[in-house]
Amino acid sequence: MSASSPGTRSDPVDTDAVVVGAGFAGIYAIYHLREQGLSVRGIERADDVGGTWYYNRYPGARCDTESHLYQYQFSDALRSEWQYSERYPEQGEILEYLRFASEFLGVRDEISFRTEVESLRFDPSSGTWAVSTDDGAVTTSRYVVLALGFLSEPYVPEFDGMDGFDGELYHTATWPREEVSFREQSVGLVGTGSSGIQIAPRIAEDAERLTVYQRTPNYIVPANNHPVSDAAWEAWNDGFAETWEQAKTTDSGFPYESDLPSAEGLSDAEVEHILEKRWRMGGFKFLTAFEDLLSNRATNERVCEFIRSKIAQRFDDPELIDALRPEGYPYAAKRPPLNYENNRYGWDFYETIKQPHVELVDVDEAPIQRLTPEGIATADSEYAHDAIVLATGFDAVTGSYNNMEIVGTGGTTLESKWGSRPRTYLGMVIDEFPNMFMISGPQSPSPITNQVLCIENQVEWIYDLIEYAEENGGDVIEVERESVEYWIEHTSDVADRTLYTDAESWYQGDNVPGKPSVFLPYPGGYPAFASKLEAEAAGGYQGFAIRDSPARVRSE
Ligand code: N01
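Counting from 1, residues in each chain are numbered in the order their sequence is written. In view of the model being predicted, local features appear only for residues whose pLDDT reaches at least 70, and side-chain atom pairs are presented and counted only at 80 or more, with totals across whole chains, interfaces and linings using the full set of residues. Working from all heavy atoms in the structure, the side-chain values ignore hydrogens and water.

A. Structural view of the overall build of the protein. To qualify as a helix, a DSSP run of H or I must reach at least 4 residues; to qualify as a strand, a run of E must reach at least 2; elements of each kind are numbered from the N terminus. Helix and strand counts for the protein come out as 17 helices and 20 strands. Computed over C-alpha atoms, the radius of gyration of the protein comes to 24 Å, within 12% of the 24 Å expected from 2.2 N^0.38 for 556 residues, which places it in the range of a compact globule. The rule is simple: take the accessible area with a 1.4 Å probe, protein chains only, and divide by the maximum for that residue type; under 20% is buried, over 50% is exposed, in between is partly exposed. Going through the 556 residues of the protein one by one, you find that 59% of them count as buried. Between two residues, a contact is recorded if the distance between any of their heavy atoms is within 4.5 Å. Taking the intrachain contacts of the protein between residues at least 6 apart in sequence as the baseline, contacts between residues at least 24 apart amount to 72%. By element, 44% of the accessible surface of the protein is carried by carbon and sulfur atoms, the whole surface being about 21900 Å². Our radius of gyration is a C-alpha quantity, and the globule rule it is checked against amounts to 2.2 Å times the number of residues to the power 0.38. Computed by Shrake-Rupley with a 1.4 Å probe, the accessible areas treat only the displayed protein chains as cover when residues are assessed.

Shown next, in the form of structure tokens:
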């Protein structure tokens, strides 16, 4: 199936497939497509692999997936060569893992680093893509796989006076490579999502003053991080196959069983008993205590009350308790951050807030209005800072697709196609954009399920579809418009039956002013998604039109 196969087409392409992005998804896509016999070229704007873990190198950055589940599962050989050191892997270790994996799998030579894709244009007459990059090159490819990541495009609020601030301005998602010192500085930290909560203790241990600007209090649950011993890692590796099979049976894609279907009808003591146990386990094991957490308000509210009581127990000051009390939206309807003891003093986020040199400023009532040369001006006060750290998140899921011009059949641009909402089938393909595939795209389960599990499944499914098309006489694979309409409606129907839509979050694009508010991930859970993929394949890809390009017809 290589580009040089004789007799298949009149206009050979430079490569069978271009894969854009070299994070978890891109590395595996390059490897798998190549192992199946395609010629592949990877393109990555950074000078190394890593994707979001390359850029999010702020102090304290750590993944909230348990480390044994944050590695590829497809290769026993690769897995047996690697060991993470803690329950939740730190950014530097994840980057090391991805570097190691890319070397072990021998994919680095296929990747053009420091190269950015400027445009992708589909040529209907040849059935190929022209991939233009910022080095002036144009690569022709039969297939394009976009492995852009769903948390890759930083969201930077457009505060007035942004350019006039005299101090240093940082964003957690574009952290400098060189070490940043906050010694003897007054630092303003904007945002208390996962990134803000992780970096706050690290800034506080260094800085003279830290002001944390919080707009929405979060339901924060302990991570319960700890080192992983060799024996524990080995025991886990021994049971890996079963663990992974179990993960495939749960909505979250993690191998965590719920205690009970619901908290409804249970006594307070029963609920408390279960949640106390889960609280000690920490992380997403707390989230999975009751099966109906994200579909039943009554269950969710009891969990919310439990978390609020835990926050209240951490503080003596009623004003702080009130300021940190999350209310008005369901727990886990926006991505729930975890609390890590994230510096040498053992401070987690709440311990950090208690420190005498740390101040919490509520910017819900009195929003940040502008940056001044000296610092930050809210609606009712001004604060002087030497440095400001924006932990303001991402233009998530769809944002990274706007960095390049993507033009499909008939000159349709992806930006115009997705004007009011993303349109995909299975989160992977788009009508009018043949031979183009997304991994972890909008309307795929990736943002709310086990990442690696979803990535491997999607990559393998994409290759199987390509293979089917080639074997069944077609070099142009285009999803039917009806399939896309069905998937949009299905995704939105399922989302409406959950509590996700009751919160303003990046899951719905609500964090970016002007972005349409549409639930972006597929919310039906991993097993439902996987069975949709299986059914589509087993049915001979009925949702697609597979045809020959004029070039291919001419050559036969
Ligand atoms: O971003 P966020 P993040 N004025 O969007 C605030 C993953 N991740 O980078 O909530 C004042 O969650 C905003 O306030 P509000 C994880 O999936 C994982 O922290 O919109 N505040 C919020 O507090 C996560 O969900 C890990 O009211 C403003 C914060 O900025 C995702 O990345 C670690 C503001 C943004 O929070 C994103 O997390 C890190 C304004 N104008 C990240 N604009 C782990 O695995 C925004 N905010 C542990």
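On we go.
B. Structural detail: the site of the ligand. Note on terminology: near, applied to a residue and a molecule or strand, indicates that one of the residue's heavy atoms is within 4 Å of it. Taken together, the neighbourhood of the ligand is formed by 26 residues, with Asp64, Ser195, Thr216, Lys334 and Trp506 sitting nearest. A distance of 2.9 Å separates an oxygen atom of the ligand from a polar atom in the backbone of Thr192. Counting of polar contacts relies on pairs of N or O atoms within 3.5 Å, with two restrictions inside protein: one atom must be capable of donating a hydrogen and the other of accepting it, and residues adjacent in sequence are counted only when both atoms are side-chain atoms. With respect to the ligand, the backbone of Ser194 contributes an N or O atom lying 3.0 Å from an oxygen atom. Against a free-state accessible area of 910 Å², the protein chains account for coverage of 89% of the ligand. A total of three residues in the shell around the ligand trace back to one element, the largest contributor, which is helix α5 (residues 194-206). The residue inventory of the shell around the ligand, partitioned by class, reads 12 nonpolar, nine polar and five charged. Three classes are used: nonpolar for Ala, Val, Leu, Ile, Met, Phe, Trp, Tyr, Cys and Pro, charged for Asp, Glu, Lys and Arg, and polar for all others, with Gly counted as polar.

C. Seen up close, the domain arrangement of the protein. Start and end positions for the domains come from either an automated domain assignment or a database one. Segmentation of the protein into domains returns domain 1 (15-154 + 395-547), domain 2 (162-219 + 331-390) and domain 3 (222-318). Contact residues are listed per partner, giving 15 residues for domain 2 and 17 residues for domain 3. When two parts are brought into contact, each loses some accessible area as probed by a 1.4 Å sphere; the total of that loss over both is the buried area. For the domain 2 and domain 3 pair, buried surface summed over both sides reaches about 1400 Å², with 69% attributable to carbon and sulfur atoms. Where domain 2 touches domain 3, the interface holds five residue pairs in polar contact (both at pLDDT 80 or more). Of all the elements in the fold, those that place two or more residues in the side of domain 2 that touches domain 3 are β11 (338-339) and α12 (349-354). With four residues, α12 is the largest single contributor of residues to the side of domain 2 that touches domain 3.

D. The arrangement of a negative patch on the surface in detail. Residues with no salt bridge and a relative accessible area higher than 30% make up the patches, which join like charges within 9 Å and nonpolar side chains (Val, Leu, Ile, Met, Phe, Trp, Tyr) within 5 Å. Salt bridge criterion: a side-chain nitrogen from Lys or Arg within 4 Å of a carboxyl oxygen from Asp or Glu. Note that His is not counted, nor are the chain ends; the positive residues are Lys and Arg, and the negative ones are Asp and Glu. Charge positions are represented by NZ for Lys, CZ for Arg, CG for Asp and CD for Glu. Taken together, the side chains of Glu116, Glu118, Asp134 and Asp135 make up a negatively charged region of the molecular surface. The residue Asp135 is located in the loop between β5 (128-133) and β6 (138-146) in this model. Take Asp135: its relative accessible area is 49%, and that puts it in the partly exposed class.

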